[in-house]
Amino acid sequence: MTHTPEYLRMIAARNATETRLRELERRLREAADAAVKSPAAHRGDSAWRKCDEAAWQATLAELRYRSRNEIGALTVKLDRQQAAIRAWLAKAGGHRAKRN
């Protein structure tokens, strides 16, 4: 199936939004890692304690709360883009069916 430039543009925009959302989440996790002082080198380390995990989860929750506007805006934008792609595909599919 050959895709039109409009479809490819919509896919590229959606992919860019997904990347921005994933990057934001990664930065928040890294900030939570840096904020928790633990004898363990990282979360998966055997020296990682339950209290370290609780502190990490609390810190991550606080960081997500502070970034809630950006997370919400990106999520809404992503939903809107995916709905537009689905609508475009439904419209394109309907035109193809009428030609046959």
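Residues numbered from 1 in each chain as written. Predicted model: local features only at pLDDT ≥ 70, side-chain atom pairs only at ≥ 80, totals over all residues. Heavy atoms only, no water.

A. Molecular detail of the side chain of R14. Tracing the chain through its elements places R14 in helix α1 (residues 5–35). E18 is the oppositely charged side chain nearest to the buried, salt-bridge-free R14, at an N-O distance of 4.1 Å. Each residue touching R14, except ones within four places of it in the same chain, is listed here: L78, Q81, Q82 and I85. (Helix = DSSP H or I, 4+ residues; strand = E, 2+ residues; numbered from the N terminus. Buried < 20%, exposed > 50% of the residue type's maximum accessible area, 1.4 Å probe, protein only. Lys, Arg positive; Asp, Glu negative; His and termini not counted. Salt bridge = Lys/Arg side-chain N within 4 Å of Asp/Glu carboxyl O. Contact = heavy atoms within 4.5 Å.)

B. View of the environment of N15. Positionally, N15 belongs in helix α1. Note on N15: relative accessible area 30%, which makes it partly exposed. Taking the C-alpha atoms as reference points, N15 and Q81, separated by 66 residues in sequence, lie 9.6 Å from one another. Polar side-chain contacts of N15 include one of 3.1 Å to the side chain of R14. (Polar contact = N/O pair within 3.5 Å; in protein donor to acceptor, adjacent residues only side chain to side chain.)

C. Highlighting the packing of α1 against helix α2 (residues 50–66). Orientation of α1 relative to α2, taken along the N-to-C sense of each, is 135°, at an axis distance of 9 Å. The angle between the axes of α1 and α2 places the two elements in the oblique class. Relative to α2, the crossing made by α1 is right-handed. Between α1 and α2, the contacting residues are E25, L28, R29, A31, A32, D33 and A35 on the first element and W56, T59, L60, L63 and R64 on the second. A per-class count over the contact of α1 with α2 returns 7 nonpolar, 1 polar and 4 charged. (Axes fitted to C-alpha atoms, helices over the stretch in contact; angles between N-to-C directions. Parallel < 35°, antiparallel > 145°, perpendicular 65-115°, else oblique. Left-handed = near helix turned anticlockwise from the far one by under 90°. Nonpolar A, V, L, I, M, F, W, Y, C, P; charged D, E, K, R; others polar.)

D. Up close: the pattern of salt bridges. On inspection of all chains with the given rule, the structure shows 6 salt bridges. Among the salt bridges present, the one from R64 reaches E25, with a minimum N-O distance of 2.3 Å. Taken together, the residues span a long stretch of sequence, with R64 in helix α2 and E25 in helix α1 at a distance of 39 residues. Residue class for R64 comes out partly exposed when judged on its relative accessible area of 36%. Here R49 makes a salt bridge to D52, at a shortest N to O gap of 3.0 Å.

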